Structure formats: C-alpha cells, structure tokens
Amino acid sequence: MKHQTREELNAVAEIDAACPAMTRSQRLEHWAALLERDPERGLGALPGTEYMRLDVRDKAQCTESPLSIAFADPILRAQGLKSDTYGEARRFFELSEWQLHAIICHCHVGATMKAGWVAVQVRAATNEDGKLFSKLRETIAGWRSIRFFAHARE
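Cut-offs applied
Residues numbered from 1 in each chain as written. Predicted model: local features only at pLDDT ≥ 70, side-chain atom pairs only at ≥ 80, totals over all residues. Heavy atoms only, no water. pLDDT = per-residue confidence, 0-100. Contact = heavy atoms within 4.5 Å. Core = buried A, V, L, I, M, F, W, Y, C linked by side-chain atoms within 4.5 Å. Buried < 20%, exposed > 50% of the residue type's maximum accessible area, 1.4 Å probe, protein only. Helix = DSSP H or I, 4+ residues; strand = E, 2+ residues; numbered from the N terminus. Salt bridge = Lys/Arg side-chain N within 4 Å of Asp/Glu carboxyl O. Phe/Tyr/Trp six-rings, centres within 6.5 Å; stacked < 30°, edge-to-face > 60°.

### A look at the confidence of the model for the protein
A low pLDDT score tells you not to read the predicted coordinates there in detail.
Here is step 1 of the chain: Scored by pLDDT, the protein comes out at a mean of 82, with 71% of its residues at no less than 70.
Here is step 2 of the chain: Here residues 144-153 is modelled with pLDDT under 50, and outside its nearest four sequence neighbours on either side it reaches 0 contacts, counting other chains as well.

### Some remarks on the nonpolar core
Here is step 1 of the chain: Counting 31 residues, the largest nonpolar core has Trp-31, Leu-35, Leu-76 and Phe-93 as the members making the most contacts within it.
Here is step 2 of the chain: When residues of this core are traced back to their parent elements, those giving at least two are α2 (24-36), α4 (66-71), α5 (74-79), α6 (86-92), α7 (97-104) and α8 (115-124).
Here is step 3 of the chain: Looking at this core, the element that brings in the most residues is α2, giving 5 residues.
Here is step 4 of the chain: Not counting chain neighbours up to four residues away, the residues in contact with Leu-76 comprise Met-22, Arg-27, His-30, Trp-31, Leu-34, Ala-70, Leu-81, Phe-92 and Phe-93.

### Overview of the pattern of salt bridges
Here is step 1 of the chain: Counted by the stated rule, this structure contains 10 salt bridges.
Here is step 2 of the chain: With a shortest N-O distance of 2.6 Å, Glu-40 and Lys-114 are connected by a salt bridge. Placement of the pair is Glu-40 in the loop between α2 and β1 (42-44) and Lys-114 in strand β2 (residues 112-114), with a sequence separation of 74 residues.
Here is step 3 of the chain: In this structure Glu-40 comes out as exposed when scored by relative accessible area, which is 54%.
Here is step 4 of the chain: Given a relative accessible area of 45%, Lys-114 falls into the partly exposed group.
Here is step 5 of the chain: What emerges from the salt-bridge pattern is a single network uniting Arg-57, Asp-58, Arg-90 and Glu-97.

### Quick look at the packing of aromatic side chains
Here is step 1 of the chain: Tallying each qualifying case throughout the model produces 2 aromatic pairs.
Here is step 2 of the chain: Both rings, one in Trp-31 and one in Phe-93, keep their centres 4.4 Å apart while their planes meet at 15°; by these two values the pair is stacked. Here Phe-93 lies in the loop between α6 and α7 and Trp-31 lies in helix α2, a separation of 62 residues in the sequence. The same class applies to Trp-31 and to Phe-93, which are both buried.
Here is step 3 of the chain: When the centroid spacing of 4.8 Å and the interplanar angle of 80° are considered together, the rings of Phe-92 and Phe-93 count as edge-to-face.

### As for unusual backbone geometry
Here is step 1 of the chain: Non-glycine residue Glu-64 carries a positive phi angle of around 55°.
Here is step 2 of the chain: Assignment of secondary structure puts Glu-64 in the loop between α3 (54-59) and α4.
Here is step 3 of the chain: A residue is classified by how much of its surface remains accessible, and Glu-64, at 42% relative accessible area, is partly exposed.
Here is step 4 of the chain: With a phi angle near 55°, Glu-94 is a residue other than glycine that sits in the positive phi range.
Here is step 5 of the chain: As for its position among the elements, Glu-94 is in the loop between α6 and α7.
Here is step 6 of the chain: Classification of Glu-94 as partly exposed rests on a relative accessible area of 45%.

Here is the structure:
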C-alpha cells in the first residue's frame, strides 16, 4: 500500500473525513496556498463589483476566477464553501465588501490577473490592520451614501 498525503488523495478523490473546522485565517491561508500552486495562472476578474446592486453582486461569478479556484477545492467545500459566487466568498471567508473587492474586482488589475498576485491580496485580508482600514472605508462610504440620500429627498 502506497502512502499518500491528503492533498495527493484530494487530486484523485473527494475525502469525506471529519476534519476540524478551520479558522478564518486558516481558510484564507489555504485559499492563498491553492492560488500559489500555479502563480502565473491567469484568472478572470469580476467587472465593477462596486457598482453592482447588492443582490446582483452577491450572485456574481466568473469562470476561472480566484473564487472558482477556492470552490474547486474539496477541503474548502467540506469546510462549508457552497459556491463560487461573490456573496458566498464574502460569507465563507468573512471578508468585508472592500476586502473582497480588492481581491476580485477588475478595477485593480484589468480583466485578468495572475494567481500569485491574488494570493498576496488574500493574505493581506488576514491582516488585522486591513480590517481597521476596511471598516474606516466602509464607514466613510456609508456617510457618503447617507448624504446622497438626504440630498435626494430634498
């Protein structure tokens, strides 16, 4: 009998082994590691996520995107990743709108991006300082939308 690692077995079959729940940081690190397997691989970006209505953005997906790389992994699916949509990735990886936008939106890199670049962005999302700046951006964006709606009512 040949010994194989879990990763080698995952390449040929889905393993339905009970594994402990991963933390947010572990899920993000695992996603980054998947992307780094082929750092030069071209991946598709989602266009204009910041301009999409919330219901449309949550359902948005792109073939051969960083999200499809995550969803193709049996370990992340076993951990609870249900699809390769924007909304599911935000929920599963516990990312803010701005964090996921920085990872997946075309406005940063164009229509395609290299997997290695995405891995760097995914790892940046694990940084606690990144959460602080994301919350600050979301707060400022919220103030802008409140002012916009207040002026629209006048």
